[in-house]
Amino acid sequence: MGLTKQYLAYRVIDSFNIIASGRSNVNFAVVDKSEGRYVAAPAAENVIIWDLRMGDRKLTLRREKHEVTALRVSPDHLHIAVGYADGVVQIFDLSSRTYYDAICSLALHKNAVSVLRYDLHGMRLVSGGLDTELVVVDVVEQAGRQRLSGHNAAVTDAHFLQRLVDQDVVVSCSKDTQIKFWNLETQFCFKTIVDNRTEIWALAFINDLMVAGAGESGMNVYRLRKREATNGAALESAVEGLSIDDEDTISPLSVSNCGTIQRAGKGRTVNLVADPNERVISCHGTNDLIESFYICTAEEAKNRLAKRLKKARKKAESAAASEQDDEQLSKELSLSDEIKRLESIKTKQKIKSIDVLLGENKELRVLVSLANNSLCLYSLEASLKSRKASTPADSSVKVLRSLTRLGHQSEVRSVCFSNDSLAIGSGAGDSFKLWDRDAMQCLRTVSTDYVLCSRFVPGDRYVLLGMKSGALLIVDVGAADIVEKIPAHESELWSIALLPDQKGCVTGSGDTTLKIWSFELIDAGEGAAQTKVLSLLHKNTLKLEETVLCVAISPDMKYLAVGLLDATVKVFFLDTFKFYLSLYGHKLPVLCMDISYDSQLIATGSADRNIKIWGLNFGDCHRSIFAHDDSVMSLQFIPKTHMFFSCGKDGKVKQWDGDSFEKILTLPGHIGEAHCLAVSPNGRYLVSCGSDRTLRMYERTDETIVLKDVQEEEREQLENEQLATGEDNTVPLLPGLKLASRKTVGSEQSAESIMECLEISRQFELEAEEKPEPHPLMLALQVKNPTDFLVATLARIRSSDMEEALLLLPFSIVCELLERLPTLINQRPDELELLCRVTVFLFKVHMKPIAASKTMKPLLIKLLGLLKRDVQQLRDVMGYNLHALSLLQSEVEQREGVQLFREATQTRRKNEKKRRQATKRRIQIQMA
């Protein structure tokens, strides 16, 4: 048997250059009890906690493959919930040392998660998706509780409504132009508001007001009131005017439209956020304007009303008119009395997301995520006294912090390694940046035009940049300055290749010419820091018939290969420009190519998604490989080997063997397109760039990989993505059953493990007299009897997969499991909560067949008695402990003269005060 060829694996180190991606929202976060300093921002598939004061990363929460589409920090600032493009929601603990490991992972939606929102206490989480459904999650239990279906389009926002009603109510809005109120106990919508003509994109709640941001410039404002038993409708119509409710509705709320807030911004309302203290709402449209509105307290609103009446009286011409005016105006507090427009913030770029925080001294901090991969923190005065600035100097708007230096403002098109492999250069549409490879920090930034290609000059003091305009820039790395701008070509400069003797370079352009340049040191001139600077001397020009897309020079200085727009590669002798070979076979233009270190192989990548490997001696095609699902954008050989890397518009980065023509491995690539890659001269590192604004760094490890193993893993991964039991999770006898979870491979495996466990337990009990050896699975779980084995198997199932796993069990297995439950409850009272959950769910789903079976009735009565007894005992223990702890607390407070849990007590008092003020305000409005 021949030896299997082994390869060394490349692994992801990290991604950098990205500050905030535009698909998700941003949030203020609290780390180390510091508020307003840290922000949580989405970064492709990761979430980065940025320290705005220091301007660097504090924490990174990672997940592979899928982009972050929504995130929300919990009210206690200890947790952060992150929603992804595949419908999964993960919750991370920011206060834990192992913050990078998710506490739980919940598969909730079929498509991307569009909104996440916690309730006031952070105990529940509502998640809305592009699949038109809402799911309410119990954060403590780490499982879905309710699934709400009723919208006809993607859900855009959702809130828990805990301020006015005793029941559990969720309010949601959608692109179907409707606002729905849901009762969580019945899982039904009890009220729908349909007076909007366009899609509703966001909701905000302040006191008893609900603001809805739609696809037009006006934002509708609704007043919510708890429905009273006595003539509530009559009182309401007297106070507000237009009522949306039906007379015979069963709704516990009355909702009335009380006006519109007109925005100055253009386009639809993209975001609408309220600060945690419920004093300010901020919104923005599709342009660069952020508008903020101050919501007055009841007393402030009354004072504004009085001032308005006073002004109206002064304007009146006659006493009769004045009386009439007074009569008309004193009827009600208008929306203009309750809401005051604050100063607007004008940003430099299009806005993607905002978050607001109101300080104690009425300073409003607005966090803005911009479309050009940057974060800004603005400050402005938020009070009734704040005036509109007549000049920019009088404005209270200040930029406190901005994160822009850590990433390109546009997509990165080109990457290159320095000759010592210690630095990375990246060129984008607006600048060229130099990065430290180890720290992944930006060292230098040079403002330029659109960069298409880049190369370090030998010695690493200068970089050559090929521009979209056709110019060739020489950049001094140390000074971060452009030394010379050479008008090299008339059209796009697509490719630069260095001569192997390190004395010059070759450039290829869209003007159908290829030029050879030699490096020259010239006098820098007077006053310059250096005496000599680099320049290029034009030596030769090769005129071709088609646009030149890429060039490569063989390391033996013999051949010059040129990729043309007519899908051919022409090979010339470098010294004479005499034609040597034409490599044809690609159906679309060749976008990239590279020649191996020994000048034996040339690999070409094309827009036809194929990579072809050719022999350079005779121009014979060794192999054509279908490499990517879209155009191959870049490829490069690893130095001193025949292995090479390629990347394509499908976002994937792959490693290939040029001798055996096999794929070695597929690396976790970009979300979207991959534009360019570069292999370090020592072959140890790889960097790639793509449309997701990230630069991804990979490192060669000492781990050996065998091709067959990798192929087997990829096959298994593909199989795992497809569910064995199909996507449908309906139960024949319960057609309307909608679980708040989604069937996953994990739930299928959990159902299999339960069935296997019961089979092993049955076998073990049959052979009990012979004292058999425990099964290997029992030994692995360190259990000795079937009871503990079954409990351990159930306990190992993820809480979010439990219901789906039990749903997949056949009825015969369900009966067997129910028969074993009394024994489990008696022997393992420590797992009572788990066993209760299993019992209740199985009875709920299989109630009809269980009720029809006569043998199951005694078992049902027995289970009911056991569970009642044990749950009562557990409640007694908890009640005893709770009151004992409160007694100890009061004793310590009396003895020490201090107040325990001061912060929690103050927070509770603040909430109670807010509730009292809201009640008082409602009474005042009704009296008015």
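Residues numbered from 1 in each chain as written. Predicted model: local features only at pLDDT ≥ 70, side-chain atom pairs only at ≥ 80, totals over all residues. Heavy atoms only, no water.

If you look the protein chain up in an unreviewed UniProt entry, it shows as Small-subunit processome Utp12 domain-containing protein from Drosophila rubida.

> I would appreciate a short explanation of the pattern of salt bridges in the present structure.
Between side chains of opposite charge, a pair can form as their charged atoms come close. According to the stated counting rule, one finds 38 salt bridges in the structure shown. Residues Arg223 and Glu338 are paired through a salt bridge, measuring 2.7 Å at the closest nitrogen-oxygen approach. With a gap of 115 residues between them, Arg223 in strand β20 (residues 218-226) and Glu338 in helix α4 (residues 335-338) connect regions that are remote in the sequence. Note on Arg223: relative accessible area 3%, which makes it buried. Across the salt bridge formed by Arg828 and Asp830, the nearest N and O atoms sit 3.1 Å from each other. Look at Asp830 and you get exposed, because its relative accessible area is 55%. Overlapping salt bridges, with partners in common, bring together Glu141, Arg145, Glu803 and Arg837 in one network. (Salt bridge = Lys/Arg side-chain N within 4 Å of Asp/Glu carboxyl O. Helix = DSSP H or I, 4+ residues; strand = E, 2+ residues; numbered from the N terminus. Buried < 20%, exposed > 50% of the residue type's maximum accessible area, 1.4 Å probe, protein only.)

> Whenever I open this one, a positive patch on the surface confuses me. Can you help?
Where like charges cluster on the molecular surface, the positive patch consists of Lys307, Lys310, Lys311, Lys314 and Lys315. Within the secondary structure layout, Lys307 lies in helix α2 (residues 298-315). (Patch = residues over 30% accessible without salt bridge, like charges linked within 9 Å, V, L, I, M, F, W, Y side chains within 5 Å. Areas by Shrake-Rupley, 256 points an atom, 1.4 Å probe, with all protein chains shown as cover. Lys, Arg positive; Asp, Glu negative; His and termini not counted. Charge placed at Lys NZ, Arg CZ, Asp CG, Glu CD.)

> What should I look at first to understand the nonpolar core in this one?
What tends to happen in soluble globular proteins is that the nonpolar side chains get buried as a cluster. In terms of nonpolar packing, the biggest core is built from 43 residues, with Leu806, Leu809, Leu817 and Leu818 touching the most fellow members. At the level of secondary structure, the elements contributing two or more residues to this core comprise α6 (745-766), α8 (786-796), α9 (802-807), α10 (811-827), α11 (832-845) and α13 (856-896). If one sorts the elements of this core by residue count, α11 sits on top with 9 residues. Every residue in contact with Leu817, bar those within four places of it in the chain, is listed here: Leu758, Leu790, Leu806, Leu809, Val838 and Leu842. The next biggest cluster of nonpolar side chains, apart from the first, holds 20 residues, and it includes Tyr294, Ile351, Val366 and Leu380. (Core = buried A, V, L, I, M, F, W, Y, C linked by side-chain atoms within 4.5 Å. Contact = heavy atoms within 4.5 Å.)

> In this structure, what is going on with the UniProt feature "repeat: WD" (unreviewed entry) in the protein chain? I would like to understand it.
Within this structure's numbering, the places UniProt gives as "repeat: WD" (unreviewed entry) are residues 148-192, 405-445, 486-520, 583-624, 625-666 and 667-708. For residues 625-666, helix accounts for 0% and strand for 55%, while the C-alpha atoms at its two ends are 15 Å apart. Its end C-alpha atoms 16 Å apart, residues 667-708 is made of 5% helix and 60% strand. (UniProt positions renumbered as here; feature names shortened; annotations may be inferred.)

> Just to check I follow, could you spell out α13 for this structure?
Because the α-helix completes a turn every 3.6 residues, residues three or four places apart line up on one side. Its 41 residues place the ends of α13 59 Å apart at the C-alpha level, agreeing with the 60 Å of an ideal helix rising 1.5 Å per residue. Listed in full, the buried residues belonging to α13 are Met856, Leu859, Leu863, Leu866, Leu867 and Asp870. Of the residues trailing α13, Gly897 is marked for its positive phi of about 70 degrees. (Expected span 1.5 Å × (residues − 1).)

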